[in-house]
Number of protein chains: 2
Amino acid sequence: MYKIAFDDFFNYSFSLDSVIFGLRNGEINVLLIKRALEPFKNMWAIPGDLVYPDEDLSNAAERILFELTKLNNVELHQAQTFGHPKRHPQGRVITSAYFALVRIEEFHVEASSWAEEVKWVPFHEIPELAFDHNLILNSTFELLKKKLTYEPICFDLLPKRFTLNEMQQLYEYAFGVEMDKANFRKKIKPIPLISHDEKQINVKHRPAKLFSFNSDVYEKITTTEGYQFKM
Amino acid sequence: MYKIAFDDFFNYSFSLDSVIFGLRNGEINVLLIKRALEPFKNMWAIPGDLVYPDEDLSNAAERILFELTKLNNVELHQAQTFGHPKRHPQGRVITSAYFALVRIEEFHVEASSWAEEVKWVPFHEIPELAFDHNLILNSTFELLKKKLTYEPICFDLLPKRFTLNEMQQLYEYAFGVEMDKANFRKKIKPIPLISHDEKQINVKHRPAKLFSFNSDVYEKITTTEGYQFKM
DNA sequence: AGTAAATATTGTTGTTTGTACAATAACTAA
DNA sequence: TTAGTTATTGTACAAACAACAATATTTACT
């Protein structure tokens, strides 16, 4: 091990904040925690904490998310890194945002560690958050919308079995446009979906057929043929 | 100022590494420096260094790049963040990659500070680099290729005035495909280009007309109309 | 059982965009 | 003037897109 020649530079800390997106009532929701600690005690925040000295980033992101919310087994992706010198009142803390997409109904969340509460909040009702978390949240949401156009991630938000209308509504919500139902169905023809014999229940009109995403076939056609997802 | 309650966590350091891409002889080149310092002394590396305690990230990236290479006035964009615990032999150093696109001929580069040499290296001749810089370079190159498809950044690499063939060759190189010349020209019709009365010189065949990118009109049509660049 | 209401699903048509390839024009160098 | 080379335009067909009409299926109500 070399002798460290620049001790003064080892005064930083590094944190990870995970923006967890879910879909409820046709709107994107975000998982927030209420801080039981200073600074910003009692304010809402994106779940996040400091990385341990010998921890890899992706592991740390999983650990931190689980410690605060008991949320587990979600696929976290790196987003942007934020490092304004004054973003943390207690010192120089640089943070990387991670994000994940989940089906809200399928996961149990529970406040834990220094999180006093956890809850899903519709995107348009996000309050003022701790630190620069509003900034982080907004820029990660923009990233999500961009990714929706060129990666098949809508299926991570939709229920495992969904109607084509639910899928369409998600895109209409994200892109802020209305789409023609007939044309939408033609447009998504190349996306490999499994058509089930199952239908919606408890609807007071003709129930829609349920579909699910065929990820195996998707893998195959993206690698062997040069298929490129796009909306 | 709050009292810091977790001193042990303030043992990290944070660096920025800038991947500078340029185009030469139809191939992407990358600006590398030769390290005059341990660790990895005498090895080639992406220009990068530690961030000062009260420095914002984007400013730091510019400063560091200038100190090592005298390269100035380039637009740096954030890419991925790398934080494997063992990526730096002298301690826990997390790094964010930045990247920029430049016209090689227009900029003067010069080794400075602890950079012993600077040079442009064609992408396919990149040697083994210090730290995890090969990993950083490769993933940033992938990001560049992706961005080429949905942002008009090819014009930052091409000469200010370029032929349509040069533009086509850049995309053929980046995407690894051949394109039909006639169809390429039709495809780029919606992109606002200024057609000059100038032509290639010193070519031993019919010289091609020179074009330049009309960024003003591009701004206008992306904001007012909903035009979306794509290749 | 029959019918209205609501939504799912399929079709039709015209327009735009993409692809393959042919034809022509423009310039250099000898 | 001509051969060689490349730029540029044109044509014809196929595929994708957009707007809208028409039909089919189911639920809820009378």
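A quick note: this is a predicted structure, and the numbers were derived from the prediction, not measured.

Conventions used here
- Residues numbered from 1 in each chain as written.
- Chains lettered and ligands numbered in written order.
- Predicted model: local features only at pLDDT ≥ 70, side-chain atom pairs only at ≥ 80, totals over all residues.
- Heavy atoms only, no water.
- Helix = DSSP H or I, 4+ residues; strand = E, 2+ residues; numbered from the N terminus.
- Areas by Shrake-Rupley, 256 points an atom, 1.4 Å probe, with all protein chains shown as cover.
- Lys, Arg positive; Asp, Glu negative; His and termini not counted.
- Charge placed at Lys NZ, Arg CZ, Asp CG, Glu CD.
- Least-squares fit on C-alpha atoms with pLDDT ≥ 70 in both.
- Contact = heavy atoms within 4.5 Å.
- Domains from an automatic or database assignment.
- Salt bridge = Lys/Arg side-chain N within 4 Å of Asp/Glu carboxyl O.
- Polar contact = N/O pair within 3.5 Å; in protein donor to acceptor, adjacent residues only side chain to side chain.
- Axes fitted to C-alpha atoms, helices over the stretch in contact; angles between N-to-C directions.
- Parallel < 35°, antiparallel > 145°, perpendicular 65-115°, else oblique.
- Left-handed = near helix turned anticlockwise from the far one by under 90°.
- Nonpolar A, V, L, I, M, F, W, Y, C, P; charged D, E, K, R; others polar.
- Near = heavy atom within 4 Å.
- Expected span 1.5 Å × (residues − 1).
- Buried < 20%, exposed > 50% of the residue type's maximum accessible area, 1.4 Å probe, protein only.
- Buried area = accessible area lost by both parts, 1.4 Å probe.
- Phe/Tyr/Trp six-rings, centres within 6.5 Å; stacked < 30°, edge-to-face > 60°.
- Lys NZ or Arg CZ within 6 Å of the ring centre and 35° of its normal.

Moving on: the overall build of chain A. Along the backbone of chain A there are six helices and nine strands. Over its C-alpha atoms, taken along the principal directions, chain A stretches across nearly 65 × 40 × 30 Å. Surface exposure of chain A reaches about 11,900 Å², of which carbon and sulfur atoms provide 49%. Side chains of chain A carry 28 positive and 32 negative charges; the gap between the two charge centres is 7 Å.

Take chain A, turn it by 180°, move it 0.0 Å along the axis, and it overlays chain B with an RMSD of 0.1 Å. Look at the turn and shift together and you get a two-fold axis relating the two. Most of the interface of chain A is mirrored in chain B, where 100% of its interface residues again form contacts.

Let us look at the domain arrangement of chain A. Residues and elements named next belong to chain A. Looking at the assigned domains, one finds that chain A contains domain 1 (12–150) and domain 2 (161–223). A straight line from the C-alpha centre of domain 1 to that of domain 2 covers 29 Å. Contacts between the two partners involve nine residues from domain 1 and, on the opposite side, five residues from domain 2. Inspection of the domain 1/domain 2 interface yields zero salt bridges. Run the count over domain 1 and domain 2 and you get two residue pairs in polar contact (both at pLDDT 80 or more). Of all elements in the fold, only strand 2 (27–35) and helix 2 (133–150) reach the threshold of two or more residues within the side of domain 1 that touches domain 2. The biggest single contributor to the side of domain 1 that touches domain 2 is helix 2, with four residues.

This next bit is on the packing of helix 2 (residues 133–150) of chain B against helix 4 (residues 164–175) of chain B. Residue and element names in this part refer to chain B. Packing of helix 2 against helix 4 leaves a shortest axis separation of 10 Å and a crossing angle of 130°. Classified by the angle between their axes, helix 2 and helix 4 sit oblique to one another. By crossing handedness, the relation of helix 2 to helix 4 is classed as left-handed. Packed against helix 2, whose contacting residues are Phe141, Lys145, Leu148 and Thr149, the element helix 4 presents Tyr171, Tyr173, Ala174 and Phe175 at the interface. Among the residues making up the contact of helix 2 with helix 4, the classes are represented as six nonpolar, one polar and one charged.

By nearness alone, 19 residues border DNA strand C, and Lys181, Arg185 and Lys186 of chain A together with Asn183 and Lys199 of chain B come closest of all. The share of sugar and phosphate among atoms of DNA strand C within 4 Å of the protein is 60%. Here a base nitrogen of DNA strand C and a side-chain polar atom of Arg206 of chain A are 3.2 Å apart. Mapped by element, the contributors of at least two residues to the surface near DNA strand C are helix 5 (181–187) of chain A together with helix 5 (181–187) of chain B. Of the residues contributing to the surface near DNA strand C, the split by class is five nonpolar, four polar and 10 charged.

The first and last C-alpha atoms of helix 1 (residues 57–69) of chain B sit 18 Å apart over 13 residues, in line with the 18 Å expected at 1.5 Å per residue. Looking only at helix 1 of chain B, the buried set comprises Leu57, Ala60, Ala61, Arg63, Ile64, Leu65, Leu68 and Thr69 of chain B.

This next bit is on the interface of chain A and chain B. Each side of the interface is counted separately: chain A has 39 residues, and chain B has 39 residues. Summed over both sides, the interface between chain A and chain B buries roughly 3,400 Å², with carbon and sulfur atoms accounting for 61% of that surface. Across the salt bridge formed by Lys146 of chain B and Glu151 of chain A, the nearest N and O atoms sit 3.3 Å from each other. Linking chain A with chain B are 16 residue pairs in polar contact (both at pLDDT 80 or more), by the criterion used here. Of all the elements in the fold, those that place two or more residues in the side of chain A that touches chain B are strand 1 (13–24), strand 5 (77–82), strand 6 (93–102) and helix 2 of chain A.

Further remarks concern the packing of aromatic side chains. All names here are of chain A. Inspection of the entire model under this criterion finds 18 aromatic pairs over all chains. Plain terms: the ring middles of Phe155 and Phe213 are 4.2 Å apart, the flat faces sit at 10° to each other, and that makes the pair stacked. Of the two residues, Phe155 is situated in helix 3 (residues 154–157) and Phe213 in strand 9 (residues 209–213); the sequence distance between them amounts to 58 residues. For Phe155, a relative accessible area of 3% corresponds to the buried category. What links up through ring pairs into an aromatic cluster is the set Phe155, Phe162, Phe213, Tyr218 and Tyr227. Geometry around Tyr52 places Arg63 over its ring, the cationic atom sitting 3.7 Å from the centre.

Glancing now at the side chain of Arg103 of chain A. All names here are of chain A. Its place among the elements puts Arg103 in the loop between strand 6 and strand 7 (115–122). Within the structure, the side chain of Arg103 is placed 2.5 Å from the backbone oxygen of Leu158, a separation counted as a polar contact. Residue contacts for Arg103: discarding those within four places in its chain leaves Phe155, Asp156, Leu157, Leu158, Pro159 and Lys160.

Time to look at the pattern of salt bridges. Residues and elements named next belong to chain A. Overall, the coordinates contain 18 salt bridges over all chains when judged by the stated rule. Put simply, Lys160 and Glu106 hold a salt bridge, and the shortest N to O gap is 3.7 Å. Taken together, the positions of Lys160 in the loop between helix 3 and helix 4 (164–175) and Glu106 in the loop between strand 6 and strand 7 put the pair 54 residues apart, joining distant regions of the chain. Judged by its relative accessible area of 53%, Lys160 is exposed. According to the relative accessible area criterion, Glu106 is partly exposed, its value standing at 40%. Here Lys145 ties to Glu142 by a salt bridge, and the two come within 3.4 Å at their closest N and O atoms. Highlighted residues: Lys145 and Glu142, both in helix 2, separated by three residues, approximately one helical turn. Judged by its relative accessible area of 23%, Lys145 is partly exposed.

Residues and elements named next belong to chain B. On the secondary structure map, Phe175 appears in helix 4. Each C-alpha atom, one on Phe175 and one on Thr149, is 9.0 Å from the other, the two residues being 26 residues apart in sequence. Beyond its immediate chain neighbours, meaning those up to four positions away, Phe175 contacts Lys145, Leu148, Thr149 and Met231.

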